[in-house]
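# Structural overview for review
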Amino acid sequence: MRAERFALARTRATIDAVDDGMLLLLAARRRLVRLAARLKPSAGLVASDPARESAVRQRGQRLARRLDVPAGTAAHLFDLMIADARAQQGLSDDADQGGQDRSPVMLDGMNPPNDLSRAAPMLRLLPPPRRIAPLLRVLPARWQHALLERAMARVLAAPIADGALDFMAGRRLGIEVSDLGLCWVLSLRDGRLVVVDDRPEASVRGSATDLLLLASRLEDADTLFFQRNLVLTGDTELGLTARNLLDRLPWESVPLGLRIALNRGARFARAAREAHRQR
Ligand SMILES: O=C(O)C(=O)C[C@]1(C(=O)O)C=C[C@@H](O)C=C1
């Protein structure tokens, strides 16, 4: 009985932590909605976007199905979030009766501008990585690991296939994202890079932005290590082999969509960092 009471108290404390996480995520969504609201006029879009709302709802339903969350519950949650986002922008509660702004208007040159510096005032509204860190900690480790393993399998498919990563078999290389407080230890097992629960023999440490700049090839490994934006610790030979491999990665073999996503993400993260530095 006492053990059950204790277990219940611990369970409830964890429920509280999850509730906090949900509110933190809602606060983050509201900030992003504020940013979207500011970006839309200069992107040639009107505030109300029923097509986007329906895409957001559909994504939510798909994920809910995979996570075993009842469809009705997920639908309520999305109704609430979207109604809140519409209220933030002074829009009526119901997108279908949302006044004149029926569908988004696309103007010429809708591609994201190359020069993100003009968006600095808005980028400053984004929370810096250290504020995002508590949100990421709410994500269960096994989800983080599964996402990372899937991303690595796609980015590194060619070097894994041609044996360029064989030196990682049974070795443990750490990736530390300093500003997000994240650390993963990678190893090559059965021809796959996996996250293992062990101490690293060598580690690469850097901020989320610098690691993204490296992954997207917007900065080369030499520059990042020379400027000490990325730091190698532990077994030098293993670290240097990994670092040299990064330099020789056949970028052309990475699927085009992923290359574009990485490139955009890295440029966005760099611009947001600049905007925060100028504050
Ligand atoms: O993406 C936007 O433009 C938003 O303002 C966010 C959001 C949403 O809640 O997802 C809200 C209102 C728009 O009609 C479309 C989507």
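Refer to the structure presented above.
Before going into details, it helps to say that this report is about the structure given with it. All figures in this text were calculated on a predicted structure; none of them were measured in a lab.

All right, on to the overall build of the protein chain then. Counting secondary structure elements, the protein chain contains eleven helices and five strands. The buried share of the protein chain, taken over its 279 residues, is 33%. Long-range pairs, those at least 24 residues apart, make up 71% of the contacts in the protein chain with a sequence separation of at least 6. A total of about 17500 Å² of accessible surface is found on the protein chain, and carbon and sulfur atoms cover 56% of it.

In the region of the ligand, the neighbouring residues are R29, K40, A47, S48, D49, R52, E53, V56, I82, A85, R86 and Q89. K40 is positioned with one of its side-chain polar atoms (N or O) 2.7 Å from an oxygen atom of the ligand. One nitrogen or oxygen atom from the side chain of E53 is found 2.4 Å from an oxygen atom belonging to the ligand. Burial of the ligand by the surrounding chains reaches 91%, relative to a free accessible area of 360 Å². For the shell around the ligand, the secondary structure elements donating two or more residues are α1 (2-42), α2 (50-67) and α3 (71-88). Class assignment of the residues belonging to the shell around the ligand gives a composition of four nonpolar, two polar and six charged.

Here we take up a nonpolar patch on the surface. On the surface, a cluster of nonpolar side chains totalling about 330 Å² of accessible area is made up of L63, L67, V69 and W143. Inspection of the secondary structure assignment puts V69 in the loop between α2 and α3.

The subject of this paragraph is the nonpolar core. One finds L156, M168, W184, L186 and L193 to be the most contacted residues of the largest nonpolar core, which totals 32 residues. Top contributing element to this core by residue count: strand β2 (residues 182-189), with four residues. Each residue touching M168, except ones within four places of it in the same chain, is listed here: L173, L186, S187, L188, L193 and L238.

On to the packing of α1 against α3. Remark: α1 packs on α3, axes separated minimally by 10 Å, with the N-to-C direction vectors making an angle of 40 degrees. One finds that α1 runs oblique with respect to α3. Here the hand of the crossing between α1 and α3 comes out right-handed. When α1 is examined against α3, the residues L26, R29, R30, V33 and R34 are found in contact with a partner set consisting of M81, I82, D84, A85 and Q88. Classifying every residue of the contact of α1 with α3 gives five nonpolar, one polar and four charged.

Rules used throughout
- Residues numbered from 1 in each chain as written.
- Predicted model: local features only at pLDDT ≥ 70, side-chain atom pairs only at ≥ 80, totals over all residues.
- Heavy atoms only, no water.
- Helix = DSSP H or I, 4+ residues; strand = E, 2+ residues; numbered from the N terminus.
- Buried < 20%, exposed > 50% of the residue type's maximum accessible area, 1.4 Å probe, protein only.
- Contact = heavy atoms within 4.5 Å.
- Areas by Shrake-Rupley, 256 points an atom, 1.4 Å probe, with all protein chains shown as cover.
- Near = heavy atom within 4 Å.
- Polar contact = N/O pair within 3.5 Å; in protein donor to acceptor, adjacent residues only side chain to side chain.
- Nonpolar A, V, L, I, M, F, W, Y, C, P; charged D, E, K, R; others polar.
- Patch = residues over 30% accessible without salt bridge, like charges linked within 9 Å, V, L, I, M, F, W, Y side chains within 5 Å.
- Salt bridge = Lys/Arg side-chain N within 4 Å of Asp/Glu carboxyl O.
- Core = buried A, V, L, I, M, F, W, Y, C linked by side-chain atoms within 4.5 Å.
- Axes fitted to C-alpha atoms, helices over the stretch in contact; angles between N-to-C directions.
- Parallel < 35°, antiparallel > 145°, perpendicular 65-115°, else oblique.
- Left-handed = near helix turned anticlockwise from the far one by under 90°.

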